[in-house]
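Listed below are the residues making up each chain.
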Amino acid sequence: MKNASLKRQIYPQPKSYGPSVRGMLMSCLIFLVWSCGSTVKKTPSTQPGTTPSTTPAASTTEPQIRACLIDNVTRSGLSFDGNYVLVLEEAQYRFDSSIGTLSVFRSGKNLVFRNDRRYLDIAPDQLIVFRPLTKNSEFTLDNVSYRGELSFVFDGDQVLAVNELGLERYLQGVVPFEIPTHQKGYTEAAFAQAVAARTYAMHRLANPVNAGVYDIRADTRDQVYRGVQRLTDLAQRAVNSTRGMILTERGQPSPTYYHSTCGGILESDAMLPGSAVPATAAVAHDLDKDEYNCRVSPFYRWVEFRDAETILVNLQREFDIDSLRVEGWMNDGFTMSIEVLDRKPSSRAKTVRFRVEEQSFLADGSRIRRSLADERGKLLPSDLFFINLSPENPDKFYIVGAGNGHGRGMCQWGAIGMSLAGRQYQSILGFYYPDLTLAQMY
Ligand SMILES: [Zn+2]
């Protein structure tokens, strides 16, 4: 009976599903769905251990944004192209390409900048701000080049590297890393991405991650920002042509989530895992509507294999399992079973139970994808999956899934599919954020 109800959850509107999605998922499910869980019996190993708050009113000028590039500086390389100045209490220092690469590292509580031409040992009570003297001056931190100002900020025991620059310039370093911008047919998707990324950034300006220190993180915890490394003509055009344009809800910037590939089924939950911000923008989609759009994605459907040792190592980290116990299991052999206990309305896994011998571990939220990461630590692409034993190789778990990312808001590959089909970016945004309004903020 449980299996029947699972099928109903996956196909809430069966008549509207196209044959190929149904065919693919159904063929995967037919033999998977009848098993409530999967069990691997490991033989003893001969080699032990081997294995929403207030938002500001619209402004009329382009805002500045502070992006955290490194949240714990230990040892970095820093160089300059163009002219920069660092003003300290005792003196003012100029930096340009002739300085070469400086090592940046901690020495006790201080931060040191050193090479054969410069040596600065700076105490935590000082402001460390490298200011550009010309518009196109760049600095390079750990082999990535950026424009704008660079600060090193003492925050508790850690030192953060923060880049401050105009929002539009910031977006030039986001769009090409968040969506492919090398093909002509992707134009409208890149435009939609520029608006979504600008909106998300404006939302962060109103709800900074670390108020007073920085607004936004430069990685997938917010959105990927990698400076001027990959600025394509299309990315530049997408940012310039949509300058100042964002999506609003009652006149305020909305938290526009987006993700790589929904796999044909957008997530309809109202909360993003780990977030205190309701993803109001992401609700109220018909579950079948993105089916054709993101079929162009390499993650539309996927199959992954995992061995029990890899999962056990993940579980040890996620659930802080005693290492002696894990070693014992690895040496003596162990039985592992994995069961998806319940699913969200989009059929994404909500709770997964891992059983190792007599012990159970319940994973939910982002812990599911981390617990099922591969041996190199790459996360399972999405929570939209089914798991069983591998038919060919019963030593391994066999995971059939769809999509990449959390499934909320805009599906980026879906936007590409719509762009290739000739839709305009306004229509793409309207499809993924039906409750939001396009507005010119500056
Ligand atoms: Zn999609």
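Residues numbered from 1 in each chain as written. Predicted model: local features only at pLDDT ≥ 70, side-chain atom pairs only at ≥ 80, totals over all residues. Heavy atoms only, no water.

Undergrad: Explain the packing of helix H5 (residues 187–206) against helix H6 (residues 233–241) residue by residue, including any values.
TA: Across the interface, H5 lies against H6 with an axial gap of 8 Å and an inter-helix angle of 55°. For the element pair H5 / H6, the angle class is oblique. Like other packed secondary-structure pairs, H5 and H6 cross with a definite hand, here right-handed. Side by side, H5 and H6 meet where Thr187, Ala190, Phe191, Ala194 and Arg198 of the first sit next to Leu234, Arg237, Ala238, Val239 and Ser241 of the second. (Axes fitted to C-alpha atoms, helices over the stretch in contact; angles between N-to-C directions. Helix = DSSP H or I, 4+ residues; strand = E, 2+ residues; numbered from the N terminus. Parallel < 35°, antiparallel > 145°, perpendicular 65-115°, else oblique. Left-handed = near helix turned anticlockwise from the far one by under 90°. Contact = heavy atoms within 4.5 Å.)

Undergrad: Explain the pattern of salt bridges to me, using residue names and the numbers behind them.
TA: Under the defined criterion, the tally for this structure stands at 19 salt bridges. Among the ionic pairs, Asp222 bridges to Arg217, the shortest N-O distance being 3.0 Å. Side by side, Asp222 and Arg217 carry an identical accessibility label, which is buried. We note a salt bridge from Arg370 to Glu318, for which the minimum N-O separation is 3.0 Å. Within this pair, whereas Arg370 is found in helix H9 (residues 366–371), its partner Glu318 is found in helix H7 (residues 308–319), the two being separated by 52 residues in sequence. In this structure Arg370 comes out as partly exposed when scored by relative accessible area, which is 31%. By sharing partners, the salt bridges in this structure join Arg317, Glu318, Arg367 and Arg370 into a single network. (Salt bridge = Lys/Arg side-chain N within 4 Å of Asp/Glu carboxyl O. Buried < 20%, exposed > 50% of the residue type's maximum accessible area, 1.4 Å probe, protein only.)

Undergrad: Account for the sheet that holds strand E18 (residues 301–307), with residues named and values stated.
TA: Across the sheet, which stays open at both edges, the three strands sit in the order E18-E23-E22 with antiparallel pairing between neighbours. Each of the sheet's edge strands pairs with one partner strand only, and the pair in question is E18 and strand E22 (385–389). Each adjacent strand pair in this sheet contributes to an overall mean axis angle of 20°, direction not counted. In this structure, E18 lies alongside strand E23 (residues 396–402), joined through seven bridges in antiparallel fashion. Each residue of the ladder has a partner; that of Phe305, found in E23, is Tyr398. Strand contacts of H7: E18 and E23, with the helix running at about 85° to E18, the strand carrying the most contacts. (Pairing = 2+ DSSP bridges.)

Undergrad: Give a description of the sheet that holds strand E5 (residues 92–95) that names residues and reports values.
TA: With mixed pairing, the seven strands of this open sheet are ordered in space as E5-E4-E9-E12-E13-E2-E14. Two strands close off the open sheet at either side, each with one partner strand: E5 and strand E14 (216–217). As paired strands, strand E2 (residues 64–70) and E14 are joined by two bridges and run parallel to one another. Directly across from Ala67, in E14, lies its bridge partner Ile216.

Undergrad: I'd like a description of helix H11 (residues 425–432), backed by residues and values.
TA: Within H11, the full set of buried residues consists of Tyr425, Ile428, Leu429, Phe431 and Tyr432. End-on, the buried residues of H11 take up no more than an arc of 160°, which puts them together on one face. Elements in contact with the buried residues of H11: H5, strand E15 (245–249), strand E24 (410–411), helix H10 (412–420) and strand E25 (437–440). (Arc of directions from axis to C-beta.)

Undergrad: Explain the nonpolar core to me, and be specific about the residues and the numbers.
TA: By size, the foremost hydrophobic cluster in this structure holds 80 residues, and its most contacted members are Phe130, Phe152 and Tyr170. With 11 residues, H5 is the single largest residue contributor to this core. Ignoring any residue separated from it by four or fewer positions in sequence, one finds Phe152 in contact with Val73, Leu78, Val104, Leu111, Phe113, Ile128, Phe130, Leu141, Val159, Leu160 and Ala161. Listed in part, the 27 residues of the second largest apolar core include Ile311, Leu315, Phe385 and Phe397. (Core = buried A, V, L, I, M, F, W, Y, C linked by side-chain atoms within 4.5 Å.)

Undergrad: Can you lay out the packing of aromatic side chains for me, pointing to particular residues and giving the numbers?
TA: The final tally for this structure, using the stated rule, is 17 aromatic pairs. Each ring, one from Phe113 and one from Phe130, has its centre 5.5 Å from the other, and the planes form 65°; the classification is edge-to-face. Here the residue Phe113 occupies a position in strand E7 (residues 110–114), and Phe130 occupies one in strand E9 (residues 128–132), the gap between them amounting to 17 residues. We classify Phe130 as buried; its relative accessible area is 0%. (Phe/Tyr/Trp six-rings, centres within 6.5 Å; stacked < 30°, edge-to-face > 60°.)

Undergrad: Give a description of unusual backbone geometry that names residues and reports values.
TA: Although it is not a glycine, Asp142 sits at a positive phi angle of roughly 50°. Turning to its location among the elements, Asp142 is positioned in the loop between strand E10 (138–141) and strand E11 (144–147). Its relative accessible area of 36% is what places Asp142 among the partly exposed residues. Phi at Asp320 is positive, roughly 55°, even though this residue is not glycine. Within the element layout of this structure, Asp320 appears in the loop between H7 and helix H8 (323–332).

Undergrad: Tell me about the packing of H10 against H11, residues and numbers included.
TA: Where H10 meets H11, the closest approach of the two axes is 10 Å, and the angle between their N-to-C directions is 140°. In terms of orientation, H10 lies oblique with respect to H11. The two elements H10 and H11 meet at a crossing, and its hand is right-handed. Two secondary-structure elements touch here, H10 through Gly414, Ala415, Met418 and Ser419 and H11 through Ser427, Ile428, Phe431 and Tyr432. Class assignment for the residues of the contact of H10 with H11 results in five nonpolar, three polar and no charged. (Nonpolar A, V, L, I, M, F, W, Y, C, P; charged D, E, K, R; others polar.)

Undergrad: Could you give an account of the pairing of strand E4 (residues 84–87), with specific residues and numbers?
TA: Relative to E5, E4 runs antiparallel, the two being bridged by four bridges. Each bridged residue has a counterpart across the sheet, and for Leu86 the counterpart in E5 is Tyr93. Taken together, E4 and the strand that follows it, E5, pair antiparallel across an intervening segment of four residues. Of the strand pairs in this sheet, E4 and E9 are connected by three bridges, and their pairing is antiparallel. For Tyr84, the partnering residue across the bridge sits in E9 and is Pro132.

Undergrad: Hey, could you go over the confidence of the model for the chain for me, with residue numbers and the actual values?
TA: Here the chain shows a mean pLDDT of 83. Residues at 70 or above account for 81%. When the elements of the chain are averaged for pLDDT, helix H1 (residues 2–10) gives the smallest value, 28, and E2 the largest, 98. Here residues 42–57 is a poorly scored stretch, pLDDT under 50, and it has 29 contacts once near neighbours within four places are set aside; other chains count. Across residues 269–288, confidence stays below pLDDT 50; counting only partners more than four residues off in sequence or on other chains, it has 55 contacts. (pLDDT = per-residue confidence, 0-100.)

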